[in-house]
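So the chains spell out like this:
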Number of protein chains: 2
Amino acid sequence: MDRKQLTKAMKAARGLQRAELVIKNANVINVFSEEIRRQDIAIEDGVIVGTGVYHGEREIDLKGMYVMPGFIDSHLHLESTLVTPSELIHQAVKCGTTTFIVDPHESANVSGTDGIDYILEQTEQVPANVYVMMPSCVPATGVDDNGCCLTAEKMSEYHGHKRILGLGEVMDYRSVVEGKPEMLEKLELFRDKVLDGHAPFLSPGDLSAYSLAGIGTDHECVDYEYAMEEIRNGMYVLIREGSAARNLQALVTGIVKHQTDTGHFCFCTDDKHIEDILREGHISHNVREAIRLGIPPVKAIRMATLQAAECYHLRHLGAVAPGYQADLIVVSDLEQMKVERVFYKGQDVEEDQNLSPAVCADKLKHTVHVKPLCEKDLWMHCTGRRQPVIRMVGKEILTREEWAVLPGGIFFEPDETCNKVAVIERHKATGKIGKAAVVGYGIHGGAIASSVSHDSHNLVVIGDNDRDIIALSFLALPVLPEIRILPRGLYRVEDGSFYREDEEQ
Amino acid sequence: MDRKQLTKAMKAARGLQRAELVIKNANVINVFSEEIRRQDIAIEDGVIVGTGVYHGEREIDLKGMYVMPGFIDSHLHLESTLVTPSELIHQAVKCGTTTFIVDPHESANVSGTDGIDYILEQTEQVPANVYVMMPSCVPATGVDDNGCCLTAEKMSEYHGHKRILGLGEVMDYRSVVEGKPEMLEKLELFRDKVLDGHAPFLSPGDLSAYSLAGIGTDHECVDYEYAMEEIRNGMYVLIREGSAARNLQALVTGIVKHQTDTGHFCFCTDDKHIEDILREGHISHNVREAIRLGIPPVKAIRMATLQAAECYHLRHLGAVAPGYQADLIVVSDLEQMKVERVFYKGQDVEEDQNLSPAVCADKLKHTVHVKPLCEKDLWMHCTGRRQPVIRMVGKEILTREEWAVLPGGIFFEPDETCNKVAVIERHKATGKIGKAAVVGYGIHGGAIASSVSHDSHNLVVIGDNDRDIIALSFLALPVLPEIRILPRGLYRVEDGSFYREDEEQ
C-alpha cells in the first residue's frame, strides 16, 4: 500500500467514506483473541481495513456464515501434485489454501535454477500467494546421481527475491551437524530468513546441533514424542497430511491427550496428488481432521493461518484484522469445514479466469539422457546362497529388507514372484545402474517405469523379464512425459509398444 | 556466532566435547512446550547449545533451582528512572531483566539526536541487551515547545543501526489516522521493523486506522476491554507496571477472568523510578504480580520473555533452547519470583565490574535557556468571575478541571490555598510562559521547580508567591541539574537560596 492508498484506506477504516467492499454479517474468526464475533469486514485495495460496522460501495451479505483467514500450506512440492503449478494453485485455492510455501526441490534436482525459475514464473500470476524456499539439497546427499548441483554461490542470486523466504528443507542433516563448509555456507546465506528442516529421528544431541544451526521447522515428524522434542528446541512442527505420508492423526492425538499448547504447530501437505486434493481437500482437510480429533476449531484455524504466517515472517497474512491481506474463506459449518467461497485480495477466486495453459520452456524438456543398455547391463551376480531382496509392504512408502535364496549364476532370471528393479541414471547418460530383486510387486509379462522418483528422479524400471525392462529404457523414454506433466498411472511395454495400463480396464 | 564457533558449539551440543559451561540439575522452564524439566544447560560462547545431560569444562550445580530466560522490558524510558542509563541497567539486570527496549523520547525532546546518541553510547558496554526505538514524536505534538525537531530524514541515518528495532511510541495518533505526510514518512521509514504505539482510548475506527498504518504495540492500556480491542486488531499489549502508571491488576484480572489467551501480551515498566525498582523489582515484579493474580507461572514467564522477543523480532532471545543467548535467571520459588542469580551471555552479572561513572558530553549539558522574567510576566488577568483552575487529585498523574472565583485584577495573588503554576519555555529562551491557578498543591512560603516534565521538559514552577517563582527561574536554574542526573525530591527557594526540601527533615 502506498501513501495515497493508506490515506484512503484509513478514511474507510474510520468510517469517513465507504469502503470499496464490505462483507456484511459475517461470523468472523479472530485468531488473535480466539473469539468468533458477528461483524462486517471492510476491504480496500485487497486489504482489510477494519472489522465492525461498515458500509461499502459494494456489499456482500453473508447472513451469519463464518469467515476466517485463508489457509497456509507451510510446506509443499508443487511437482508432487502431478499437475502444473498454476493448475494446482487454481484447484487448491478453491479448497481455501491462499498461501503456498513451496520447495522446488524436485525440479531443481533435475534442471537446477531453470527448474526454480519455472516454478517462480508459473506462480507469478496465480490467485494466491506463492512463496519459494530455495532447495538446499541439490543433490540430496553426496551419493546421489542427479541432474544439477546448487551451491551457495548460485543460490545467492536469489537471496533478495521478494518471494523467496529462506532455505528449503535441509534433509542432509548430517552435513549440518558435522559442520560441512558447503552446507554451513548455505545456512549462513539465509541466516536472516527461515531455514526449513527435514529431520526425522535425530538423536537429542544431533537435534540440538541442528536447531543451533538455525533450522527452525520440521515436517517429517511422525510421532508426538519426537514432535515435542522439536517444539522444546523452539522449532515449528508442520503437521503433514499428504498422499503417501499422513502424520496428522498421530500428532494431533498426542496434542489433545496432553493438552499441549498448539502455538508452534502448523499444517502442510508436502506431497499431495491432485486426485486426493479433489477428493478430500487441501489444508482444509488437515483443519477438519484436527477438529474431528479434538482441537478446538479456532485453534485449528489459527494453526493453519496466523501461526504459519508467523513462522515464515509473513506479517501481512493469516488474520482478519486491519492491515492484513483480504484472503478469506467462507464456510457455513466449522466442523465440516466445507469451503464455500474464497477471496484472494478481496476477489472471489471463482471469478478468476486467468488460468492459462502452462507453458514449459524447451530447456526444461528433454532432460532424460540414458546410455543404451544391453542385457548384460542387467545381469546380477547370484551365488545361490541367501542374499538380500526388497520386500514391498502393502501401500506403504517404506520397504523392508528380506533375505532369500535366488538361483545361482551371472544372470538372475526374474519372474512374477520375484521381479527385478533397475534404477537407471538418466541425467548424464553415465550408464550407472542399480539393480535388485523385489518380492511382492507382482508384475506378470511386462515392465513399468517412472521418471518420478524422489529426490534425483532417475529412471526406475521394474519387470518380470529383462527384455521388457530394456525395451522400456529404449522405447518408452522418448514418449515418457517430463515429471511435471506426467499423468499418474501405470505404464507397460509389450512387443515394443507402450500402454497406459490403468486406462485399458 | 561465526562458522568456527558454530562448529565447536555443535560438537558440544552433540556431546562430542565438553561445553565451556554447564549449569547442572536445573528445573528448566521451557517457554515453548510450557513444561518444567530437570536438565543440564550447556553453554558455549554465551549461547545455549543444548539442554539434557551434559558435562562442562566448568559446572555450576543448581540442585533443582528453577532456571528461566532473562526478562525483557518491552518498553521503558531510561531517563524516567532518574539514574544514568548504565546505573539503571546494572541495577535492573540484578532483578532479572536482561533485555531493555528503550525509547529515548525524553532526551531526544531536549537534545535531539545527541540525546539518542547518549543513550546508545551509555548502553554499549552494559551487561544486558539494550535496544532503542527511534523517538517518533519530537516534538510530542504540533503545539509543544521543545528543544529539537526529529524528522524522518534525520531518523534515516539511524535506520540500519543494529540496536535500533523500529519507531518509538507514536503518541501523536491523530497525525497517523489523519495521514499527515510528515508522520507517514516516519512510519514508512520503519515499515519493515516494529512500530510502537501509544493509543489510549481511541474510537474503534481510529484504532483500526492506527493498526492499519502498521502500529503493532501499545503500553497505555488501562482496562481489559480496551486491551482486547487492541488484541483483536493484532496488536501486542505491553502490560505496564511503573512508578506512576500501574495497569497490571486491571488487565491481568480481566485476562484471568475471561481465560484469555496470553499470546499477545508482554510486560513493561515505561517510567519506573530507581527507588521503586530497588524496593519491588523490575519486570520480576510484573511477573510476580501476574502469578499472584492467577496467571500460571510458565505463562507469565513466557509473557516476560519469548513473547516480547517475538514482538520485537529478537530471534536469539527469550528461551532456554539451542541457539538462544544464555541470558538466564535462577530462582528457588516460582511464586515469590525472588531472583537469586542472573546470567547474561553465560556470565554471572554479579561478576561484572564494568560499572564506570557515567560520562555526559558537554553538548548535552547547559540546555536550559530561560529568558529573564519580571513580575509582570507572571500576571494573570482575572475577571472576578468564575474561571478554570487545576485541581490536584491525590497522588494521581491526572488533574481535574475545576471552576472557581479568583480576586479580580491584572495580578492574581497566589496563596497557600491557591498556588500559581508557571510553565516556562526553557530551550530557546523564547519567553513563552503558561500560567494557571492550582488548588490542592499546598505550598506555603516558597516555590518548587522541575525541569523533568514529560514530554518537552520545560521548566515547571509552582509557588504561593511570584517573587519566589521568579527567583527560582533566575537562581535555581544554574544549579538545577540536567534531567538525567536530577536526584528525585522537592526543591524550594527562600530568600534567594536553594534547598532540597525532603532532605531537611
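Right above here is the structure, for reference.
Q: Got a minute to help me understand the overall build of chain A in this structure?
A: Across its full length, chain A carries 16 helices and 24 strands. The C-alpha atoms of chain A give 25 Å as radius of gyration, which agrees with the globular expectation for 505 residues (23 Å, within 12%). Principal axes of the C-alpha set define a box for chain A whose edges measure 85 × 50 × 45 Å. A buried classification covers 58% of the 505 residues belonging to chain A. For chain A, the accessible surface area stands at approximately 20,300 Å², while carbon and sulfur atoms represent 51% of it. In chain A, which carries 53 positive and 76 negative side-chain charges, the distance between the mean positions of the two groups comes to 4 Å.

Q: It is not clear to me how the pattern of salt bridges should be interpreted in this structure. Could you clarify?
A: All names here are of chain A. Summed over the entire model, instances satisfying the criterion amount to 60 salt bridges over all chains. Among the salt bridges present, the one from Lys363 reaches Asp114, with a minimum N-O distance of 3.5 Å. With Lys363 in the loop between β16 (347–348) and β17 (386–391) and Asp114 in helix α4 (residues 113–122), this residue pair connects regions lying 249 residues apart in the sequence. Accessibility expressed as a relative area gives 56% for Lys363, which makes it exposed. Overall, the relative accessible area of 25% leaves Asp114 in the partly exposed class.

Q: I'm lost on the sheet that holds strand β19 (residues 418–424) of chain B in this one. Help?
A: Within a sheet, each strand pairs with its neighbour through backbone hydrogen bonds, oriented either parallel or antiparallel. Residues and elements named next belong to chain B. If you trace the 6 strands from one edge of the open sheet to the other, you get β18-β17-β20-β19-β22-β21, paired in mixed fashion. Every interior strand has two partners, whereas the edge strands, β18 (400–405) and β21 (447–450), have only one. Between one strand axis and the next, the sheet turns by 35 degrees as a mean value, whatever way the strands run. Here 4 bridges tie β21 to strand β22 (residues 459–463), and the two strands are oriented antiparallel to one another. Across the sheet, the residue bridging to Ile448 is Ile462, located in β22.

Q: Before we go on, may I ask you to explain the interface of chain B and chain A in this structure?
A: Interfaces are often described in size by the accessible area the parts lose on coming together. With 54 residues of chain B at the contact, the number on the chain A side is 54 residues. For the chain B face of the interface with chain A, the top three residues by lost area are B:Arg14, B:Leu212 and B:Arg232, together amounting to 18%. Applying the counting rule to chain B against chain A returns 12 salt bridges. A:Asp261 serves as the salt-bridge partner of B:Lys299, at 3.9 Å between the closest nitrogen and oxygen. Taken together, chain B and chain A are joined by 16 residue pairs in polar contact (both at pLDDT 80 or more). For the side of chain B that touches chain A, the elements supplying multiple residues, two or more each, are α1 (3–13), β2 (35–44), β3 (47–52), α6 (173–177), α7 (181–189), α8 (204–212), α9 (224–232) and α13 (297–304) of chain B. Of the residues belonging to the side of chain B that touches chain A, the class tally is 21 nonpolar, 13 polar and 20 charged.

Q: Whenever I open this one, the environment of A:Thr84 confuses me. Can you help?
A: All names here are of chain A. With respect to the helices and strands, the residue Thr84 is situated in the loop between β6 (71–76) and α2 (85–94). With a relative accessible area of 5%, Thr84 lands in the buried category. When the C-alpha atoms of Thr84 and Gln122 are compared, they prove to be 8.2 Å apart, with 38 residues separating the residues in sequence.

Q: Help me out: how do you make sense of helix α10 (residues 248–258) of chain A in this one?
A: Three- or four-residue spacings in an α-helix give side chains the same orientation, since the helix completes a turn every 3.6 residues. Residues and elements named next belong to chain A. Every buried residue belonging to α10 is among Leu248, Leu251, Val252, Gly254 and Ile255, and all of these are buried. One side of α10 holds all its buried residues, which, seen down the axis, span an arc of 155 degrees. Facing away from the buried side of α10 by more than 90 degrees, the exposed set consists of Gln249 and Lys257. Taken together, the buried residues of α10 touch α9 (224–232), β12 (236–240), β13 (265–268) and α12 (283–292). After α10 finishes, the residue Gln259 shows a positive phi value of roughly 50 degrees.

Q: Would you mind going over the side chain of B:Glu220 with me for this structure?
A: On the secondary structure map, B:Glu220 appears in the loop between β11 (217–218) and α9. If near-sequence neighbours (up to four positions away) are discounted, B:Glu220 is found in contact with B:Glu169, B:His198, B:Ala199, B:Pro200, B:Arg240 and B:Asp270.

Q: Any chance you could explain the environment of A:Leu150 here in plain terms?
A: All names here are of chain A. If you trace the backbone, Leu150 turns up in the loop between β8 (129–134) and α5 (152–155). Overall, the relative accessible area of 2% leaves Leu150 in the buried class. Sequence-wise, Leu150 and Asp464 are 314 residues apart; in three dimensions their C-alpha atoms are separated by 37 Å.

Q: Is there a simple way to think about the pairing of strand β12 (residues 236–240) of chain B in this case?
A: Here is the key point about a regular strand: its side chains alternate between the two faces of the sheet. Residues and elements named next belong to chain B. Most of β12 is tucked away, with 5 of its 5 residues classed as buried. As paired elements, β11 and β12 share 2 bridges and run parallel to each other. Its bridge partner lying in β12, Thr217 is registered against Tyr236. What joins β12 to strand β13 (residues 265–268) is helix α10 (residues 248–258), and the crossover it makes is right-handed.

Q: I tried to follow the side chain of B:Ser456 on my own but got confused; where do I start?
A: Along the chain, B:Ser456 falls in the loop between β21 and β22. Setting aside residues no more than four positions away along its own chain, B:Ser456 makes contact with B:Asp144, B:Asp145, B:Asn146 and B:His427.

Q: Looking at this model, I keep getting lost on the relation of the copies chain B and chain A. Mind explaining?
A: The relation between the two chain copies is a rotation about an axis coupled with a shift along that axis. The transform that puts chain B on chain A rotates by 180 degrees and translates by 0.0 Å along the axis, for an RMSD of 0.1 Å. What we have between these two chains is a two-fold relation.

Thresholds, definitions, all that
Residues numbered from 1 in each chain as written. Chains lettered and ligands numbered in written order. Predicted model: local features only at pLDDT ≥ 70, side-chain atom pairs only at ≥ 80, totals over all residues. Heavy atoms only, no water. Helix = DSSP H or I, 4+ residues; strand = E, 2+ residues; numbered from the N terminus. Rg over C-alpha atoms; globule rule 2.2 N^0.38 Å. Buried < 20%, exposed > 50% of the residue type's maximum accessible area, 1.4 Å probe, protein only. Areas by Shrake-Rupley, 256 points an atom, 1.4 Å probe, with all protein chains shown as cover. Lys, Arg positive; Asp, Glu negative; His and termini not counted. Charge placed at Lys NZ, Arg CZ, Asp CG, Glu CD. Salt bridge = Lys/Arg side-chain N within 4 Å of Asp/Glu carboxyl O. Pairing = 2+ DSSP bridges. Axes fitted to C-alpha atoms, helices over the stretch in contact; angles between N-to-C directions. Contact = heavy atoms within 4.5 Å. Buried area = accessible area lost by both parts, 1.4 Å probe. Polar contact = N/O pair within 3.5 Å; in protein donor to acceptor, adjacent residues only side chain to side chain. Nonpolar A, V, L, I, M, F, W, Y, C, P; charged D, E, K, R; others polar. Arc of directions from axis to C-beta. Right-handed = clockwise from strand over helix to strand, strands pointing away. Least-squares fit on C-alpha atoms with pLDDT ≥ 70 in both.

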